[in-house]
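The primary structure of each chain is shown beneath.
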Amino acid sequence: MNHLLFQVEDRPPLFTTVLLAAQHMLAALGGIIAVPLVVGAALKLPADQIVTLINAALLGSGIVTMVQCKGIGPVGIRLPCVMGTSFAFVGAAISIGLEHGVPAILGSSLAASVVMIVGSCFMPKIRKLFPHAVTGVVVTMIGLSLVPVAVDWAAGGHAPGAVYGSPLNLGIAAFVLVTVIMLVQFGKGIVSAAAVVIGMFIGYLLCVSMGMIDFSQVRNAQVFALPQPLHYGMTFPVAGVVAMAIAYLVTMVETTGTFMALGAATETKMRGKTLARGILCDGIGSAFAALLSSPPVSTFAQNVGVVSLTGVASRHVVALTGVMLFLAGLFPILGAVVVTIPQPVLGGAGLMMFAMIISAGVQLLSHVEHTKRNGIIMAVAIGCGLAVTVRPELLSKLPAFVKEVFGSGITVGALVAVALNLVLPERPLELNDDDEEEDVPQAFLTSEREAA
């Protein structure tokens with residue numbers, strides 16, 4: 001495991017902390033804003049209502065991020081977690097919204113958050129379902145599932161007017177990627193730690209010089225906006241609550257995997273009680289976000305890539321990211337400036353960050369006892385997870401319930417790995433009579449307990 005530049009409890013100097021916190025914010029902001037935009041567009045909401053959703057999402061993400069990092073009693077994992085609105089809820093939110101409107105989305109989100117709150121009580125038992133083979137698969141699948149997102153960003157995205165895969169877009173993304181690599185490899189101290197934000201800033205300046213930035217939304221943005229709790233009101237349709245509860249179950253599996261990846265990145269042992277505090281914060285945070293008129297929140301996997309890449313594991317840095325997200329919700333003009341960052345710039349940095357999560361997963365898998373049983377678990381789980389990641393249309397003919405549960409490669413990979421780990425019998429490593437023990441790589445003979 002690489003040596004961390006800042007440990008979980010470290011407090012970097014103020015300027016360094018601000019720069020590193022801004023780096024996490026830039027990595028998360030696009031994802032936080034995207035969900036309200038997608039849901040609002042699908043429901044054909046007026047522009048001012050979509051802005052209200054975005055502001056609420058930023059406020060909710062900021063407040064819950066601070067709680068997750070700092071902790072309040074039994075709530076909060078006390079690790080560098082950035083919270084944001086998850087795409088796992090988009091399908092359920094749109095289906096509920098089309099039938100019953102935004103009040104039903106928020107009411108269903110509030111009621112169904114009980115699933116995650118109650119589920120947190122069982123995390124010590126659930127943790128036992130995640131030995132090294134399963135954990136390595138989940139962490140690897142998180143990275144593999146995020147890479148296509150970064151690729152789409154690098155190609156320019158699918159927004160109206162975007163030229164997907166144009167040489168210009170790919171060139172900008174490659175420039176940012178190379179810049180980040182050079183800063184990480186050859187930079188020292190703060191330059192290496194803040195490689196992502198510096199690389200994105202250089203890429204942004206390049207795009208400004210080429211006239212690629214549209215500042216119209218900055219000019220039109222409000223300077224200050226107060227929170228509007230219960231702005232839309234709430235209703236609680238039974239079908240909506242059930243649909244959202246399923247989404248919460250899926251998110252709980254994904255979040256558990258994200259926490260495992262974070263544990264590997266921060267060199268922190270993830271115990272059942274630790275996971276319980278994190279999941280409880282996700283559940284209570286989502287209920288609180290619903291009261292703020294925001295979609296549900298969950299721990300963002302992409303920010304684990306920032307930790308892995310930079311070696312900055314300080315939870316106090318990411319707590320400041322929460323403050324920045326909160327301010328972005330109060331001052332929409334700040335969020336509007338960040339939204340002007342071209343997608344190829346995000347893609348170049350994102351590709352590096354998400355690939356680092358894959359690297360962390362591979363490192364975890366390298367410590368797994370190399371038996372035929374574990375090989376089957378890892379191969380089949382990753383294969384099934386990739387199947388729905390690269391070919392989501394695979395599930396197009398199946399019922400909506402099935403698509404909701406198995407639409408995420410992370411969830412599929414985790415569920416298949418857990419199921420195979422429970423079903424396949426344990427067998428000791430067997431050597432052929434003509435094999436000499438010293439010819440077998442030591443990693444093959446290392447037990448999972450020793451590797452821990």
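That block above? That's the structure.
What counts and what doesn't
- Residues numbered from 1 in each chain as written.
- Predicted model: local features only at pLDDT ≥ 70, side-chain atom pairs only at ≥ 80, totals over all residues.
- Heavy atoms only, no water.
- Disulfide = S-S within 2.5 Å.
- 1 Å grid on protein atoms, 1.4 Å probe; cavity = no way out; pocket = protein on both sides within 12 Å on 5 of 7 lines; lining within 4 Å.
- Points joined across faces, edges and corners; volume = space filled by probe spheres on them.
- Helix = DSSP H or I, 4+ residues; strand = E, 2+ residues; numbered from the N terminus.
- Nonpolar A, V, L, I, M, F, W, Y, C, P; charged D, E, K, R; others polar.
- Patch = residues over 30% accessible without salt bridge, like charges linked within 9 Å, V, L, I, M, F, W, Y side chains within 5 Å.
- Areas by Shrake-Rupley, 256 points an atom, 1.4 Å probe, with all protein chains shown as cover.
- Salt bridge = Lys/Arg side-chain N within 4 Å of Asp/Glu carboxyl O.
- Axes fitted to C-alpha atoms, helices over the stretch in contact; angles between N-to-C directions.
- Parallel < 35°, antiparallel > 145°, perpendicular 65-115°, else oblique.
- Contact = heavy atoms within 4.5 Å.
- Buried < 20%, exposed > 50% of the residue type's maximum accessible area, 1.4 Å probe, protein only.
- Polar contact = N/O pair within 3.5 Å; in protein donor to acceptor, adjacent residues only side chain to side chain.

1. Considerations on the state of the cysteines
Per the stated rule, a full pass over the model turns up 0 disulfides. Cys69 forms no disulfide, and the closest cysteine sulfur to it belongs to Cys81, at a distance of 6.1 Å.

2. Details of empty space enclosed by the protein
A probe matching the size of a water molecule, rolled over the atoms, marks out where space remains unfilled. Under the defined criterion, the tally for this structure stands at 1 cavity of 30 Å³ or more. In this structure, the largest cavity spans a volume of roughly 80 Å³. As for the largest cavity, its lining consists of Val35, Val39, Leu43, Leu53, Ala93, Val102, Ile105, Leu106 and Pro295. For the lining of the largest cavity, the elements supplying multiple residues, two or more each, are helix H1 (14-42) and helix H4 (102-119). Looking at the lining of the largest cavity, the element that brings in the most residues is H4, giving 3 residues. Looking at the lining of the largest cavity residue by residue, the class counts come to 9 nonpolar, no polar and no charged.

3. Side note on a nonpolar patch on the surface
Judged by side-chain polarity, Phe175, Phe201, Ile202 and Leu205 come together as a nonpolar surface patch covering roughly 360 Å² of accessible area. The element that contributes the greatest number of residues to the nonpolar patch is helix H9 (residues 195-209), accounting for 3 residues. One can find Phe201 in helix H9.

4. Observations regarding the packing of helix H11 (residues 238-266) against helix H19 (residues 409-423)
Close contact between H11 and H19 brings their axes to 9 Å; oriented N to C, the two are set at 75 degrees. Considering the angle they form, H11 stands roughly perpendicular to H19. Facing Val250, Val253 and Glu254 of H11, the residues of H19 in contact are Ile410, Thr411 and Ala414. Among the residues forming the contact of H11 with H19, the class breakdown is 4 nonpolar, 1 polar and 1 charged.

5. Overview of unusual backbone geometry
Unusually for a residue other than glycine, Arg78 sits at a positive phi of about 60 degrees. On the secondary structure map, Arg78 appears in the loop between helix H2 (47-70) and strand E1 (83-85). Using a relative accessible area of 23% as the deciding quantity, one classes Arg78 as partly exposed. Positive phi, normally seen in glycine, also occurs at Leu230, with a value near 55 degrees. Along the chain, Leu230 falls in the loop between helix H10 (216-220) and H11.

6. Focus: the side chain of Gln68
For Gln68, the position within the fold is in helix H2. Given the relative accessible area of 0%, Gln68 is considered buried. A polar contact is formed between the side chain of Gln68 and the backbone oxygen of Gly278, at a distance of 3.4 Å. Dropping the residues within four chain positions of it, Gln68 is found in contact with Gly76, Ile77, Arg78, Leu79, Cys81, Met83, Phe259, Arg277, Gly278, Cys281, Asp282 and Thr299.

7. Comments concerning the side chain of Thr340
In this structure, Thr340 sits in the loop between helix H15 (332-339) and helix H16 (343-366). Of note is the side chain of Thr340, whose polar atom sits 2.9 Å from the side chain of Tyr204. If sequence neighbours within four positions are ignored, Thr340 has contacts with Tyr204, Ile213, Asp214, Gln217 and Val218.

8. Describing the pattern of salt bridges
The tally for this structure, following the rule as stated, stands at 2 salt bridges. Among the salt bridges present, the one from Glu9 reaches Arg315, with a minimum N-O distance of 3.0 Å. Of the two residues, Glu9 is situated in the segment before H1 and Arg315 in helix H14 (residues 315-330); the sequence distance between them amounts to 306 residues. The exposure class assigned to Arg315 is buried, which follows from its relative accessible area of 12%.

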